[in-house]
Amino acid sequence: MARKALIHQIEARERRGRWFGALATLLSIALLLSGWVGLFAFMGANSAYGTFEELADEWVPDTRAMELNLPDLSRVSRVYADSGEVLAELHDGRNSEPVPYEDVPEVLVHAILAAEDGEFFEHDGVDFSAIASAAIDNIIYDETRGGSTVTQQVVKNAFVGNEISIQRKINEAFVAAELERRFPKERILEYYMNSVYFGAGAYGVKAASEEFFLKDMDELQIHEAAALSVLVRNPSLYNPRRRPELTLERRNDVIAEMAEHGWITESQAAYAKDRPLGVVDSPARRGQADHVVAEVRRQLLNDPQFSFLGDSNEERKQAIFGCPADDVECEGGGGLQIFTTIDLGLQQEANRVLNEWLPLVPYEQNLQECAKIFPDFEENTEFYAKYAETHSCKPTGAIAMVDNETGAVKVMASGLDFEFSQFDLAIQGRRNPGSSFKPIGLVAALEQGFTTGHRWSGASPLEVECDFVCSPNGTNIWRVSNAGSSTGVISLEEATYRSVNTVYAQVSEATGPENVVDTARRMGITDAALDPVLSIVLGSSAVSPLEMASAYSNFATDGLHADDYIVAKIVNHEGTVIYEHEPQQTQVSDPAIFAASRRALLKVPTSSGTASRADIDHPQGGKTGTHQSYLDAWYVGFTPEYSTAVWVGYEAEQIPLENVVINGQNYSRVFGGSVPAPIWAEFMNIVTVDLPESQFPEEPGNIREFLIPPKTTVPIVVGLSESAAEEKLTKDAKLNVTILEVPSLEPSGIVVAQSIEPGTTVDQGSVVTIYVSNGETPVTALPSMIGLTVEEALELAAELELETGVKLTLVPSSIETEDPNLVGKIAATNPPPGTEITASATISVLIGQLGGDG
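Basis of the calculations
Residues numbered from 1 in each chain as written. Predicted model: local features only at pLDDT ≥ 70, side-chain atom pairs only at ≥ 80, totals over all residues. Heavy atoms only, no water. Helix = DSSP H or I, 4+ residues; strand = E, 2+ residues; numbered from the N terminus. Buried < 20%, exposed > 50% of the residue type's maximum accessible area, 1.4 Å probe, protein only. Contact = heavy atoms within 4.5 Å. Pairing = 2+ DSSP bridges. Axes fitted to C-alpha atoms, helices over the stretch in contact; angles between N-to-C directions. Expected span 1.5 Å × (residues − 1). Core = buried A, V, L, I, M, F, W, Y, C linked by side-chain atoms within 4.5 Å. Phe/Tyr/Trp six-rings, centres within 6.5 Å; stacked < 30°, edge-to-face > 60°. Patch = residues over 30% accessible without salt bridge, like charges linked within 9 Å, V, L, I, M, F, W, Y side chains within 5 Å. Areas by Shrake-Rupley, 256 points an atom, 1.4 Å probe, with all protein chains shown as cover. Salt bridge = Lys/Arg side-chain N within 4 Å of Asp/Glu carboxyl O. Lys, Arg positive; Asp, Glu negative; His and termini not counted. Charge placed at Lys NZ, Arg CZ, Asp CG, Glu CD. Disulfide = S-S within 2.5 Å. 1 Å grid on protein atoms, 1.4 Å probe; cavity = no way out; pocket = protein on both sides within 12 Å on 5 of 7 lines; lining within 4 Å. Points joined across faces, edges and corners; volume = space filled by probe spheres on them. Nonpolar A, V, L, I, M, F, W, Y, C, P; charged D, E, K, R; others polar. pLDDT = per-residue confidence, 0-100. Polar contact = N/O pair within 3.5 Å; in protein donor to acceptor, adjacent residues only side chain to side chain.

1. Considering the environment of isoleucine 490
Inspection of the secondary structure puts isoleucine 490 in strand S11 (residues 489-491). We classify isoleucine 490 as buried; its relative accessible area is 6%. Distance from isoleucine 490 to leucine 735, taken between C-alpha atoms, is 8.9 Å for residues 245 residues apart in sequence. Sequence-distant contacts of isoleucine 490, that is, excluding residues within four places in its chain, are made with His454, Arg455, Trp456, Ala495, Val500 and Val503.

2. Observations regarding the sheet that holds strand S25 (residues 767-773)
Strand order in this open sheet of three strands is S22-S25-S23, and the pairing throughout is mixed. Whereas interior strands pair on both sides, the edge strands pair on one side only; in this sheet they are strand S22 (736-742) and strand S23 (751-754). Ignoring which end each strand starts from, the neighbouring axes of this sheet average 30° apart. Pairing between S23 and S25: three bridges, direction antiparallel. Looking at S25, one finds that valine 751 is bridged to valine 772. Strands in contact with helix H24 (residues 722-732) are S22, S23 and S25; relative to S22, the strand with the most contacts, it is inclined by about 155°.

3. Focus: helix H14 (residues 344-357)
Its 14 residues give H14 an end-to-end C-alpha distance of 20 Å, which sits within 8% of 20 Å, the value for a rise of 1.5 Å per residue. For H14, the complete set of buried residues consists of Leu344, Leu346, Gln347, Ala350, Asn351, Val353, Leu354 and Trp357.

4. Digging into the nonpolar core
Membership of the largest hydrophobic core comes to 136 residues, with the highest contact counts inside it found for Phe437 and Ile525. With sequence-adjacent residues up to four places away left out, phenylalanine 437 is seen in contact with Val516, Ala520, Ile525, Leu530, Ile536, Val537, Gly539, Val543 and Met548. Judged by nonpolar contacts, the second largest core, of 60 residues, contains Leu70, Ala111, Phe120 and Ile222.

5. A short note on the packing of aromatic side chains
Scanning the model with the defined rule gives 18 aromatic pairs in all. With a centroid separation of 5.4 Å and 85° between ring planes, the pair formed by phenylalanine 374 and tyrosine 387 is classed as edge-to-face. Here tyrosine 387 lies in helix H16 (residues 381-390) and phenylalanine 374 lies in the loop between helix H15 (363-373) and H16, a separation of 13 residues in the sequence. Each member of the pair phenylalanine 374 and tyrosine 387 is classed as buried. Considering the side-chain rings of phenylalanine 383 and tyrosine 384, the 4.9 Å spacing of their centres and the 80° angle between planes classify their relative orientation as edge-to-face. Of the residues examined, phenylalanine 383 reaches a relative accessible area of 49% and is grouped as partly exposed. Residue tyrosine 384 is classed as buried on the basis of its relative accessible area, which comes to 6%. Members of the aromatic cluster, joined through ring pairs, are Phe374, Phe377, Phe383, Tyr384 and Tyr387.

6. A few points about a negative patch on the surface
Taken together, the side chains of Glu791, Glu792, Glu795, Glu799 and Glu803 present a region of like negative charge at the surface. Locating glutamate 799 in the fold gives a position in helix H25 (residues 790-804).

7. Some points on the pattern of salt bridges
Per the counting criterion, the structure on display carries 27 salt bridges. Taking the shortest distance from any N to any O, the salt bridge between glutamate 116 and arginine 233 comes out at 3.2 Å. Of the two residues, glutamate 116 sits in helix H3 (residues 106-116) while arginine 233 sits in the loop between helix H9 (222-231) and helix H10 (244-260), which places them 117 residues apart along the sequence. For glutamate 116, a relative accessible area of 11% gives the class buried. Among the charged side chains, a salt-bridge network with shared partners connects Glu349, Arg352, Glu356 and Glu682.

8. What to know about the environment of proline 240
Mapped onto the elements of the fold, proline 240 is located in the loop between H9 and H10. According to the relative accessible area criterion, proline 240 is buried, its value standing at 7%. Taking C-alpha positions, proline 240 is 9.3 Å from valine 280, a pair spaced 40 residues apart along the chain. With near-sequence residues (within four places) excluded, proline 240 lies in contact with Phe212, Leu231, Thr247, Leu277 and Val279.

9. Details of the state of the cysteines
A full pass over the atoms with the stated rule returns one disulfide. Paired by a disulfide, cysteine 370 and cysteine 393 hold their sulfur atoms 1.9 Å apart. The sign of the 80° torsion about the S-S bond sets the cysteine 370-cysteine 393 disulfide as right-handed. Note that cysteine 370 is positioned in helix H15 and cysteine 393 in the loop between H16 and strand S6 (396-403), a separation of 23 residues in sequence. Its relative accessible area of 0% is what places cysteine 370 among the buried residues.

10. With respect to the side chain of asparagine 554
The topology assignment puts asparagine 554 in helix H21 (residues 545-557). Assessed through its relative accessible area of 0%, asparagine 554 is described here as buried.

11. Describing the layout of surface pockets
Each pocket or cavity is described by its volume, and for the second largest pocket that value is around 940 Å³. Lining of the second largest pocket is provided by 36 residues; of these, Ser481, Asn501, Leu538, Thr626 and Gln628 occupy positions nearest its centre. Of the residues belonging to the lining of the second largest pocket, the class tally is ten nonpolar, 22 polar and four charged.

12. Examining unusual backbone geometry
Following serine 460, the chain continues into proline 461 via a peptide bond in cis, with omega recorded as 0°. Its place among the elements puts proline 461 in the loop between strand S8 (455-457) and strand S9 (462-465). Cis peptide bonds are those with omega within 30 degrees of zero, and the linkage from asparagine 830 to proline 831 qualifies with 5°. Tracing the chain through its elements places proline 831 in the loop between strand S28 (826-830) and strand S29 (836-838). One non-glycine residue with positive phi stands out, namely aspartate 558, at about 60°. Turning to its location among the elements, aspartate 558 is positioned in the loop between H21 and strand S12 (560-562).

13. Let's talk about the confidence of the model for the chain
Across the chain, the average pLDDT comes to 86, with 86% of residues at or above 70. Of the regions scoring below 50 in pLDDT, residues 91-96 engages in 27 contacts with residues more than four places distant in sequence or in other chains. Across residues 324-328, where pLDDT falls below 50, the model places eleven contacts with residues more than four positions away in sequence or in other chains.

14. Here we look at the side chain of threonine 829
By the secondary structure assignment, threonine 829 is in strand S28. Of the residues examined, threonine 829 reaches a relative accessible area of 10% and is grouped as buried. A polar contact is formed between the side chain of threonine 829 and the backbone oxygen of proline 831, at a distance of 2.9 Å. Among all residues touching threonine 829, those that are not within four sequence positions of it are Leu782, Met785, Ile786, Ile843, Ser844 and Val845.

Have a look at this one:
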């Protein structure tokens, strides 16, 4: 087979040299004028060369000038945990353990080609008849299947990307043709078989053979080789451990293709089809940090801090994955040792905790869960049948943990296995953090001159009028409600650990949402899109668990922040350290601001706060978060050493966490304190079990200025209605109000007196009693004033008016007395004590003085 292919390639290269330039122009014009179907028919005709050169210059790449280098797979780069365990060998389409084409058994080569490109050794990079057939199936029969050759798949993955566009597809076709002009067929196929992903962390045919059959490649039988080839197309869909019946059906199709091409006999095919699938359980629980490895790979390829690996993406690929084997001028590349900050033991524990609380269920059960949460399931069963193959319809979660002092990412765990979903919920998953964003608003408020002692009304609901559209229903009235009931005027500290929404809505308005955004950026939330709107303090902008963990580290360090990082050191193949991260701390704001904020957060995981289930036997603080309509639930907490964020929700859709079963318990609604908080506690108990005793930093000497309640002036409210007086005292003066109803001639509901004189300076939060008329005529008996001074009698009259509504006017005069104890005091009143008084009365008070003979 190899000799025949070699002769064919020599002939094909000469033929391609004659028609390649004309092909470029014709492909562009056919595509532009005729659409895809016309293109394929047009290409099949293969006529009219060399006419539309101007369009060719614009649409057709100059492939002869391109550097089409197949990465050298012989020098691997390895990723390590912080204590030296090998997490993975970088794949990204480059197999860490490649094998030469000659070492791949013929049965496996034939199986791969039967599944992906049966005419591989016959076409010149693009199989136009296969593409046309696939396009017709897509358009006419609504059946989705690919028409790309093996060469085109290599080009897409290694050179032009997978953008959905006409120009990209043109580039892919021409680069594929050029790739075949430059490389032998066997070299392209070798690269392909060594780089494709088979699922379960296995890249390349050698790793896949060991993963799914516990065999070396040369031990594979026909039915096993065919089964492996099925996985190339879609490792999630054809996962043989989750969907064995679907894999078996497709495997038998591949066996039939092998027979049709003459690679096996009909009797061999019949025997192979009768064999069971034979896939073994995973030989070892691998992939404990696959999402971490994927993030490392992404950063190395794209992050500016690793620009020393290359100025372009292609240069970085060469530095990480090596040079093409047949490029004699290329030197170096690959062989990197990448050391991460990940604590593999804790990473595995985080995965275990998430899996116990929020396990990924088998397909059939997952489909049943989809039927529960999607109202249109019955009308779209076919859609959801496919949806359930790649999306979890049960709640899942994520855990991210950073070292407070250095910013090192110690844990980055996603609740979904990497082979099920490559999307990393811990760092890529951005969801609304709900009230867990309030502490960032608290810091911003303290920076703007408020204190944790400032008082705010916790009345619910609250309507905030904006100068612009600021509500979900498109109006300028933002209506905010508490998760619980209304509160009185409470301190900002209490509003934090009790998570009072209406207070924080006022805080946001007074602080300025743009200042909240600025504070969030300085605290470590640098990548998320933060919209400076009033609701930002209630978590209206989506963030990742890693960003939240990084931000909360400030509360453990008094605002001395180190940016989070995951790559600690890189050593090249010669043993030279070419990169080493040096943590740098920045003082975000006054340390006393964070110390004052921490006081409030320390009360959250207690009986006074919203997260008593997060309590552990270690110094700690934190904050719950429950997004609107229970779409997301959070708990973000910190100890002196680490800050950890836990998110719980649905991975692909924002679906209310209502009427769900989690860890064997029914939840009508999931709050941050009900599920994320105990998950946090279970994990952090493991983290802290062997840590030495520790404490948070000593509070700065100037902390008091961020704690004390400010002063306020008592306004006059006599004469106002009860509601107007209450609003003036609570909202404007930040005072608490006690209301007593009293008889009065004033109309019902009117304030007739107040306990603290208007103009008095008091602490915010002080209690003012207002006396409100009940509309009844006041009646009382005149109390005895005998023996009192006039001043004491006036005080008694004032108290009587507050209690009964009866107003007394005292008119003093003199009377002689022989009793020395009554001299200068009231000796008698007119009317006398006990007389019934209605509404008001003038009382003569007679002041005793000694007679003339005295």
